[in-house]
Amino acid sequence: RDPAIGLRLADSAIRDEPASHAMNYILAATLYNTRQFKAADHHYAYAAEDPRFRLVALREVAEMWLTAREVSNEMAVARGAPYLATLEREYPKEGRAAFLRLILEERRNGRVQVESMRKALAGHDAIIVHQKNGIFISSLDVNRIEILVLMIETHLNALLLKRRTD
């Protein structure tokens, strides 16, 4: 529960097994949770060298850079985009990549095109739960995608407005 304790334990474990991809992954995730992004990046990159950790390490490091509010848009794009490109190239069916692509677009351009949302949603047969409104959608079809696009667009616009007023 306390990230500082987890960090001490992970740091201790990595000293015992510095070449362990598993320990590097655990340390990377702990560093991410303690908002130490540059250090986490280094350990995620090492963990990603092992096929057992490649997918999760690429996904988490891309997500880390793209979603961290304390990182500038320029740094988020510069650091997150290459990991996302690798994730998309090596794991074309990785569902989260399409949504990370939307976040990348917002970081680059300050907004997300509706067509980008349609593209991200069109390739996925998903179950989506919108917690606030209690909406449950399964097996997306065109009409449902249109509704989701409007919901996401509204949500993203609200987030952008909030970010501008913070």
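Since the structure is predicted, the reported quantities are computational estimates derived from the model, not experimental observations.

## Quick look at the overall build of the protein
Link 1 in the chain: Scanning the protein for helices and strands turns up 8 helices and 2 strands.
Link 2 in the chain: For the protein, the succession of helices and strands along the chain, N to C, is α-α-α-α-α-α-α-β-β-α.
Link 3 in the chain: Across the 166 residues of the protein, 38% fall into the buried class.
Link 4 in the chain: Considering only residue pairs separated by 6 or more positions, the protein has 49% of its internal contacts joining residues 24 or more positions apart.

## A look at the pattern of salt bridges
Link 1 in the chain: What the rule picks out here adds up to 6 salt bridges.
Link 2 in the chain: For arginine 59, the salt bridge identified is with glutamate 94, shortest N-O distance 3.2 Å. Remark: glutamate 94 occurs in the loop between helix 5 (73–90) and helix 6 (95–109) and arginine 59 occurs in helix 4 (residues 51–67); sequence separation between them is 35 residues. Here the two residues arginine 59 and glutamate 94 agree in accessibility, since each one is buried.

## What about the nonpolar core?
Link 1 in the chain: Ranked by internal contacts, the top residues of the largest apolar core, which has 34 residues, are Phe37, Tyr44, Met64, Trp65 and Leu84.
Link 2 in the chain: Secondary structure elements with two or more residues in this core: helix 1 (3–16), helix 2 (21–33), helix 3 (37–47), helix 4, helix 5 and helix 6.
Link 3 in the chain: The biggest single contributor to this core is helix 4, with 8 residues.
Link 4 in the chain: Sequence-distant contacts of tryptophan 65, defined by excluding residues within four places in its chain, comprise Phe37, Lys38, Asp41, Val71, Met75, Ala76, Arg79, Gly80, Tyr83 and Arg107.
Link 5 in the chain: Of all hydrophobic cores here, the second largest spans 5 residues; its members include Leu102, Val112, Met117 and Ala120.

## Comments concerning the packing of helix 4 against helix 5
Pairs of packed helices are described in terms of their axes, by the angle between the two and the distance that separates them.
Link 1 in the chain: Orientation of helix 4 relative to helix 5, taken along the N-to-C sense of each, is 150°, at an axis distance of 8 Å. One element, helix 4, and the other, helix 5, form an angle in the roughly antiparallel class. Our pair here, helix 4 against helix 5, has a crossing hand that is left-handed. Contacts between helix 4 and helix 5 pair Arg54, Leu55, Leu58, Arg59, Val61, Ala62, Trp65 and Leu66 from the former with Met75, Ala76, Arg79, Gly80, Tyr83, Leu84, Thr86, Leu87 and Glu90 from the latter.
Link 2 in the chain: Across the contact of helix 4 with helix 5, the residue classes break down as 11 nonpolar, 2 polar and 4 charged.

## Side note on helix 6
Link 1 in the chain: With 15 residues, helix 6 should cover 21 Å at 1.5 Å per step; its first-to-last C-alpha distance of 22 Å lies within 8% of that length.
Link 2 in the chain: The complete set of buried residues in helix 6 reads Ala97, Ala98, Leu100, Leu102, Leu104, Glu105, Glu106 and Arg107.
Link 3 in the chain: Immediately downstream of helix 6, the backbone of glycine 110 shows phi near 80°, a positive value.

## Quick notes on the side chain of glutamate 94
Link 1 in the chain: Overall, glutamate 94 belongs to the buried group, its relative accessible area being 13%.
Link 2 in the chain: In this structure glutamate 94 touches Leu55, Arg59 and Leu87, once residues within four positions along its chain are discounted.

## Considering the packing of helix 3 against helix 4
Link 1 in the chain: In the contact formed by helix 3 and helix 4, the axes pass within 9 Å of each other and the chain directions differ by 160°. Here helix 3 lies roughly antiparallel to helix 4, going by the angle between them. The crossing of helix 3 and helix 4 is left-handed. Contact residues: helix 3 offers Phe37, Lys38, Ala40, Asp41, Tyr44 and Ala47, while helix 4 offers Phe53, Arg54, Ala57, Glu60, Val61, Met64 and Trp65.
Link 2 in the chain: Grouping the constituent residues of the contact of helix 3 with helix 4 by class yields 9 nonpolar, no polar and 4 charged.

## Focus on the environment of tyrosine 32
Link 1 in the chain: Position of tyrosine 32 relative to the elements: it lies in helix 2.
Link 2 in the chain: Tyrosine 32 sits 33 residues away from tryptophan 65 along the chain, and the two C-alpha atoms are 9.6 Å apart.

Conventions adopted
- Residues numbered from 1 in each chain as written.
- Predicted model: local features only at pLDDT ≥ 70, side-chain atom pairs only at ≥ 80, totals over all residues.
- Heavy atoms only, no water.
- Helix = DSSP H or I, 4+ residues; strand = E, 2+ residues; numbered from the N terminus.
- Buried < 20%, exposed > 50% of the residue type's maximum accessible area, 1.4 Å probe, protein only.
- Contact = heavy atoms within 4.5 Å.
- Salt bridge = Lys/Arg side-chain N within 4 Å of Asp/Glu carboxyl O.
- Core = buried A, V, L, I, M, F, W, Y, C linked by side-chain atoms within 4.5 Å.
- Axes fitted to C-alpha atoms, helices over the stretch in contact; angles between N-to-C directions.
- Parallel < 35°, antiparallel > 145°, perpendicular 65-115°, else oblique.
- Left-handed = near helix turned anticlockwise from the far one by under 90°.
- Nonpolar A, V, L, I, M, F, W, Y, C, P; charged D, E, K, R; others polar.
- Expected span 1.5 Å × (residues − 1).

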